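# A look at the structure
Read off the chains here:
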Amino acid sequence: MGGEFIMAKAYAAQHTIKEMPYASDKLKGISKQQLTYHHDIHYAGYVKKRNEVETALQTVDMNAANANYSLIGELKRRETFNASGQVLHEIYFDVMGGDGNADQKLEVVKKITQDFGSFERWQEEFIASGISTFGWAVLCLDTNDNTLRNYSGDTHNQGCVWGSIPLIPLDVFEHAYYTDQGPNRKAYIEAFLKNIDWKKVNERYKKAIKAC
Ligand code: FE
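All values derive from a computational prediction rather than experimental measurement. (Residues numbered from 1 in each chain as written. Predicted model: local features only at pLDDT ≥ 70, side-chain atom pairs only at ≥ 80, totals over all residues. Heavy atoms only, no water.)

### Some details on the environment of glycine 97
The cut-off we apply is this: Under the DSSP-based scheme used, a helix requires at least four consecutive residues in state H or I and a strand at least two consecutive residues in state E, with every element numbered from the N terminus. Residue contacts are defined here by distance: any two heavy atoms, one from each residue, within 4.5 Å place the two residues in contact.
The residue glycine 97 is located in the loop between helix H3 (71–94) and helix H4 (107–116) in this model. Taking the C-alpha atoms as reference, glycine 97 lies 25 Å from asparagine 157; in sequence the two are 60 residues apart. When near neighbours in sequence (up to four residues on either side) are disregarded, glycine 97 contacts Tyr22, Lys26, Leu27, Asn195 and Asp197.

Following this line, the structure appears as structure tokens:
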């Protein structure tokens, strides 16, 4: 029994920083400097802190748990903040690198048209969701009822419905665009959409529907 416990501990806190899936100067309207800050400082920071939190959880005093303040309480709050920060950023970087062409023949584009009424309606709501939040607008497949929805949240671990799978996470924290667009968030969102690799989004969708 003791051996199993030690093995379980060995697997915690080993999340690694993923390399950018394409050259950092490849995108249109999102510069190498902007992407490098975002990937190397912000995204990497979430991965490092996730590992720190998971390490601290191995030895924290569970008997001191208290909702007003306790170390275990703060660790549990920061655990999902950093974990969701890691997950959303990895998908964010991964689904860029394309030409923004949403081919009508792709299954995910057909599903967007079906669930939102039209592709334009989805895009209109997605952009408005991104403008009206502090953190993320995310096209998700909500596996609770097999429906695509745009969810938005002010932090990484808030604003989504459990059971939803992110397909296109749009990061609207200032760190995602101030180097290039300053306060013009709408220009950044338009640049983001022009870089979407819809074939990758479609592959993510085809995997996600298996959970429905
Ligand atoms: Fe970010």
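Continuing now.
### Some points on the pattern of salt bridges
Keep this limit in mind: Here a salt bridge means any side-chain nitrogen of Lys or Arg lying within 4 Å of a carboxyl oxygen belonging to Asp or Glu. Exposed residues in this analysis have more than 50% of their type's maximum accessible area, buried residues have under 20%, and partly exposed residues fall in between, with area computed by a 1.4 Å probe over protein chains only.
For the structure on display, the rule yields 13 salt bridges. Between glutamate 90 and lysine 18 there is a salt bridge, with the nearest N and O atoms lying 3.9 Å from each other. With glutamate 90 in helix H3 and lysine 18 in the loop between helix H1 (2–11) and helix H2 (32–57), this pair connects stretches of sequence that are 72 residues apart. By relative accessible area, glutamate 90 is classed as buried at 19%. Residue arginine 121 is joined to glutamate 124 by a salt bridge in which the shortest nitrogen-to-oxygen separation is 3.0 Å. A residue pair is termed a helical-turn pair when its members lie 3 or 4 positions apart in one helix, as arginine 121 and glutamate 124 do in helix H5 (residues 119–131) at 3 residues. For arginine 121, a relative accessible area of 42% gives the class partly exposed.

### Digging into the nonpolar core
Where we set the bar: Side-chain atoms within 4.5 Å are what join buried Ala, Val, Leu, Ile, Met, Phe, Trp, Tyr and Cys residues into a set we call a nonpolar core. The split into domains, and so the bounds of each, comes from an automatic or database assignment of domains.
Judged by nonpolar contacts, the single largest core of 48 residues is most densely connected at Trp122, Leu167, Ile168 and Trp198. Two domains share this core, each providing at least three of its residues, namely domain 1 (32–94) and domain 2 (107–211). If sequence neighbours within four positions are ignored, leucine 167 has contacts with Ile91, Val95, Val108, Leu139, Cys140, Leu141, Leu148, Val201, Arg204, Tyr205 and Ala208. Of all hydrophobic cores here, the second largest spans 5 residues; its members include Val53, Leu57, Val60 and Ile72.

### Regarding the packing of H4 against H5
The description of two helices packed together rests on the angle between their axes and the distance between the axes. Here is the rule: In this analysis, axes come from line fits to C-alpha atoms, helices being fitted only over the stretch in contact, and the angle between any two N-to-C directions falls in the range 0 to 180 degrees. The labels follow the angle: roughly parallel below 35 degrees, roughly antiparallel above 145, roughly perpendicular from 65 to 115, and oblique for the rest. Polar here means any residue other than Ala, Val, Leu, Ile, Met, Phe, Trp, Tyr, Cys and Pro, which are nonpolar, and Asp, Glu, Lys and Arg, which are charged; Gly is therefore polar.
The contact between H4 and H5 brings their axes to 7 Å, and the two run at 80°. Considered as vectors, H4 and H5 are oriented roughly perpendicular to each other. Of H5, the residues touching H4 (which contributes Val109, Ile112, Thr113 and Phe116) are Phe119, Arg121, Trp122 and Glu125. In terms of residue class, the contact of H4 with H5 is built from 5 nonpolar, 1 polar and 2 charged.

### With respect to the domain arrangement of the chain
For clarity, the threshold we go by: When two components associate, each loses some accessible surface as probed by a 1.4 Å sphere; the sum of these losses over both components is called the buried area. As used in this structure description, the phrase polar contact means that two N or O atoms lie within 3.5 Å; if the pair is within protein, one of them must be able to donate a hydrogen and the other to accept it, and residues adjacent in sequence are counted only when both atoms belong to side chains.
The assigned domain composition of the chain is domain 1 (32–94) and domain 2 (107–211). For domain 1 and domain 2, the distance between their C-alpha centroids amounts to 22 Å. Listed by partner, the interface residues are 16 residues for domain 1 and 20 residues for domain 2. Between domain 1 and domain 2 the total buried area reaches about 1600 Å² when both faces are included, carbon and sulfur atoms providing 62% of it. Looking only at domain 1, the three residues that lose the most surface to domain 2 are Gln34, Leu88 and Tyr92, adding up to 42% of its buried area. The interface formed by domain 1 and domain 2 holds 1 salt bridge in total. Applying the counting rule to domain 1 against domain 2 returns 12 residue pairs in polar contact (both at pLDDT 80 or more). Contributions of two or more residues to the side of domain 1 that touches domain 2 are made by H2 and H3. The leading source of residues in the side of domain 1 that touches domain 2 is H3, at 10 residues. Tallied by class, residues from the side of domain 1 that touches domain 2 come to 6 nonpolar, 8 polar and 2 charged.

### Considering the coordination of the iron ion
Here is the rule we go by: Note that water is not among the atoms considered, so a metal site may appear incomplete; the donors listed are N, O and S atoms within 2.8 Å of the metal, with 3.2 Å applied to Na, K and Ca. Geometry is assigned from donor-metal-donor angles: four donors are tetrahedral when every angle falls between 85 and 135 degrees, four are square planar and six octahedral when opposite donors sit over 155 degrees apart with all other angles between 65 and 115, and any other arrangement is irregular.
Looking at the metal site, the iron ion is ligated by His38 (NE2), His89 (NE2), Asp171 (OD) and His175 (NE2), spaced 1.8 to 2.2 Å from it. The coordination sphere of the iron ion comprises 4 donor atoms, whose angles at the metal cover 88 to 139°; the geometry is irregular. Each donor residue of the iron ion belongs to the same chain, and together they define the spacing H-x50-H-x81-D-x3-H. Of this pair, histidine 89 sits in helix H3 while aspartate 171 sits in strand S3 (residues 164–171), and the two are 82 residues apart along the sequence. Accessibility expressed as a relative area gives 0% for aspartate 171, which makes it buried.

### Some remarks on the packing of aromatic side chains
Counted only if it meets this: For Phe, Tyr and Trp, where Trp contributes only its six-membered ring, two rings pair if their centres lie within 6.5 Å, and the inter-plane angle classes them as stacked under 30 degrees, edge-to-face over 60, or tilted in between. Charges are assigned to positions over rings by a cutoff of 6 Å between ring centre and Lys NZ or Arg CZ, combined with an angular limit of 35 degrees from the ring normal.
By the definition in use, this model includes 11 aromatic pairs. When the centroid spacing of 5.6 Å and the interplanar angle of 5° are considered together, the rings of tyrosine 92 and phenylalanine 192 count as stacked. Of this pair, tyrosine 92 sits in helix H3 while phenylalanine 192 sits in helix H7 (residues 185–194), and the two are 100 residues apart along the sequence. Taken together, the ring pairs in this structure connect Tyr43, Tyr92, Phe93, Trp136 and Phe192 into an aromatic cluster. The ring of phenylalanine 81 has arginine 78 lying over it, and the distance from NZ or CZ to the ring centre is 4.3 Å.

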